[in-house]
Protein chains: 2
Amino acid sequence: MKVLQMIKKPYLLFLGDAPDPLSAKVAQGIRDWRPEDCIGQFRMEGCKADIKLQDVTIDDAVKAGAKTLVIGVANRGGLISKEWTSVLCKALAAGLDIASGLHNQLSDEPELVAAAKAHGRDLHDVRIPPVQYPIANGKKRTGKRLLAVGTDCSVGKMYASLALDKEMKARGMNSTFRATGQTGILITGEGVPLDAVVADFMAGAVEYLTPDNDPEHWDLIEGQGSLFHASYSGVTMALVHGGQPDALVICHEPTRPHMRGLPDYKLPSIQDVREVGLRLARWVNPECRVVGVCVNTSAMTEDEAQTYLAGLATETGLPCVDPFRHGVGPIVDML
Amino acid sequence: MKVLQMIKKPYLLFLGDAPDPLSAKVAQGIRDWRPEDCIGQFRMEGCKADIKLQDVTIDDAVKAGAKTLVIGVANRGGLISKEWTSVLCKALAAGLDIASGLHNQLSDEPELVAAAKAHGRDLHDVRIPPVQYPIANGKKRTGKRLLAVGTDCSVGKMYASLALDKEMKARGMNSTFRATGQTGILITGEGVPLDAVVADFMAGAVEYLTPDNDPEHWDLIEGQGSLFHASYSGVTMALVHGGQPDALVICHEPTRPHMRGLPDYKLPSIQDVREVGLRLARWVNPECRVVGVCVNTSAMTEDEAQTYLAGLATETGLPCVDPFRHGVGPIVDML
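What this report covers is the structure whose coordinates are included nearby. (Residues numbered from 1 in each chain as written. Chains lettered and ligands numbered in written order. Predicted model: local features only at pLDDT ≥ 70, side-chain atom pairs only at ≥ 80, totals over all residues. Heavy atoms only, no water.)

### Focus on the relation of the copies chain B and chain A
We apply this condition: To superpose the copies, least squares is applied to the C-alpha atoms of every residue with a pLDDT of at least 70 in both. Contacts: residue pairs with any heavy atoms within 4.5 Å of one another.
Between chain B and chain A, the superposition needs a rotation of 172 degrees and an axial shift of 1.3 Å, giving an RMSD of 2.8 Å. A shared binding surface is used by both copies, with 89% of the interface residues of chain B retained as interface residues in chain A.

Encoded structure:
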């Protein structure tokens, strides 16, 4: 693999002045999935988030080996505040790079750019594609690939892929989580910010992200959008055709009243996603099959979740799990 | 959407060192639909394309009144070679503007920028999106829309849409050709360069291109790629979901041995495109139907074409025509 982002680890996770725990979900994701890469958390006065890492100063983090300060919190009002800038400049002076998935780019902040230059540090805006991706060639690649596809956006596709990676590694299987969104890129330190790639190069970017590999190696490709989401389905299509998946895992959130951001659209059924996803995927990989369903049951009681999953398993003939509650073992058994 | 109306006509069409006739489809399209705007063609050594215009030198083109050299040849990846740059600099010195739809921007070529500045000429990169498009909202719009979908890239989708527009106007119907690629944009002077739009905004760009209109007005949306083309299917998907078509016309080239640029892929069948296209389109417009097939029979004799089209009509139950040879009347009868 060539340069995708190459964010240096380990990280100091910057929580800033987070107004609530949810606003620090990027930091929480990194802490949940790559605790070994986290030196500690840095919180400013008034911070309402706590991801249960040691609070460390910038200097102590550097002494402990931290290489990059990762902005793990959404900024208020879409601005990088003076208070933040002051801390971030100190971090650059102390020898840390900075990585961010914010809409506002670090590279648009003159103070940060000047400080990074003065101290020889890097600013990583992970929403910006770091290289010119090729046009997809559709050629069969060695190694195996699994893609998470969803009935909607934000139904747990990243979580499902990370859980599969963890379970496969625990079983001694050879696997790599392949990030396609900013949180995933910050978690792994590399990936493709697919929703920011120019249309013609989307599928090529996915091919670039998942190159030839050992025959038994699995790339676990983070999904984006949904084949049925009117705003983002083109991105999902590029993942299906660029990823050439051997396996699809369908992700779903059963209590959602309509598709995310589209009040006029109900969610498609799992059967819809299965039929259309397989039809499209088999065009580039005739061996592709659906190996399971990952359901986000966080809005259900444990009993409701069990009943729902059992019914879905009967209906689909597939392993149906909530990866957070029950793990993804039954799906890995299918691979 | 009037960004290109500043491009001065008439044109000198630059075919460069085109490796085959198909790679000059930009020039061919302008020549076929706006011959009155073309002074002639300019070909370099080794050029394998000929669009049957007079070969003229740059100086003769200028003397004949040409205002703009249009790069009418599309290379994979859109590279601007040293040999091209030399010719283009001569054109600028001779008093021509340059217009290009290549991925690589003229404005990124220092030699061209310097020559344009020195001679007071304009460089037009028609592929650069002129505005920040919105994210698609999927809402139903007034007016009607027809989308051309293909079994492959470069099978005549733009021709079909332009022919439909011409036929509908001849019948006194209310219609607009909506360009989504560089040739269409150069022909009409406006449109969305869809393959250069950032992934998240593709479907929104198509909604922007085809806004609310009179109830009986038809937008004839130029298709791109194919739902079955591994490199570009995401772009096609965005057209289907952003366009919310009431009608699909399937475009096909029956003699092609494999998909364009993808030697490992045969073309899908018309039935494949019909089934998948309708399934996806009906998600955003349940009334969508396939109203005809446009076949590029340029590689067939007239007899072969007639036999093929008659057989296809029987097989599909749809009007099947070559829009260039026979017009699209039977398809417009369906609307």
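### Digging into unusual backbone geometry
In plain terms, the rule: Comment: elements are numbered from the N terminus, with helices defined as DSSP H or I runs of at least four residues and strands as E runs of at least two.
Backbone torsion omega between K9 of chain A and P10 of chain A reads 0 degrees, so that peptide bond is classified as cis. Note that P10 of chain A resides in the segment before β1 (11-16). One non-glycine residue with positive phi stands out, namely K52 of chain A, at about 65 degrees. We note that S154 of chain B has phi near 55 degrees; this positive angle belongs to a residue other than glycine. With respect to the helices and strands, S154 of chain B occurs in the loop between β6 (144-150) and α5 (157-170).

### Details of the pattern of salt bridges
In plain terms, the rule: For salt bridges, the criterion is a side-chain nitrogen of Lys or Arg within 4 Å of an Asp or Glu carboxyl oxygen. Only protein chains enter the calculation, and the probe is 1.4 Å; a residue is then buried if its accessible area is under 20% of its type maximum, exposed if over 50%, and partly exposed in between.
The tally for this structure, following the rule as stated, stands at 37 salt bridges over all chains. R121 of chain A is paired through a salt bridge with D97 of chain A; the nearest N and O atoms lie 3.2 Å apart. With a gap of 24 residues between them, R121 of chain A in the loop between α4 (110-119) and β5 (123-125) and D97 of chain A in strand β4 (residues 97-100) connect regions that are remote in the sequence. Among the residues examined, R121 of chain A registers a relative accessible area of 25% and is labelled partly exposed. On the basis of relative accessibility, which here comes to 0%, the residue D97 of chain A falls in the buried class. Between K144 of chain B and E216 of chain B there is a salt bridge; the shortest N-O distance is 3.8 Å. Highlighted residues: K144 of chain B in strand β6 and E216 of chain B in the loop between α7 (202-209) and β8 (218-221), separated in sequence by 72 residues. The network of salt bridges with common partners includes K8, D97, R121 and D122 of chain A.

### Here's the deal with the interface of chain B and chain A
Note the following rule: Here the quantity called buried area is the accessible surface, traced with a 1.4 Å probe, that two parts lose on coming together, added over both.
Of the residues lining the interface, 46 residues belong to chain B; the matching set on chain A comes to 42 residues. Counting each side, the surface lost to burial between chain B and chain A is near 3,500 Å², with a carbon and sulfur contribution of 57%. In terms of surface lost to chain A, no three residues of chain B exceed Y265, R279 and W283 of chain B, which account for 20% of the buried area on that side. Taken together, the links from chain B to chain A amount to six salt bridges. Across the pair D264 of chain A and K139 of chain B runs a salt bridge whose closest N-O atoms are separated by 3.4 Å. Taken together, the elements giving at least two residues each to the side of chain B that touches chain A come down to α7, α8 (233-243) and α9 (270-284) of chain B.

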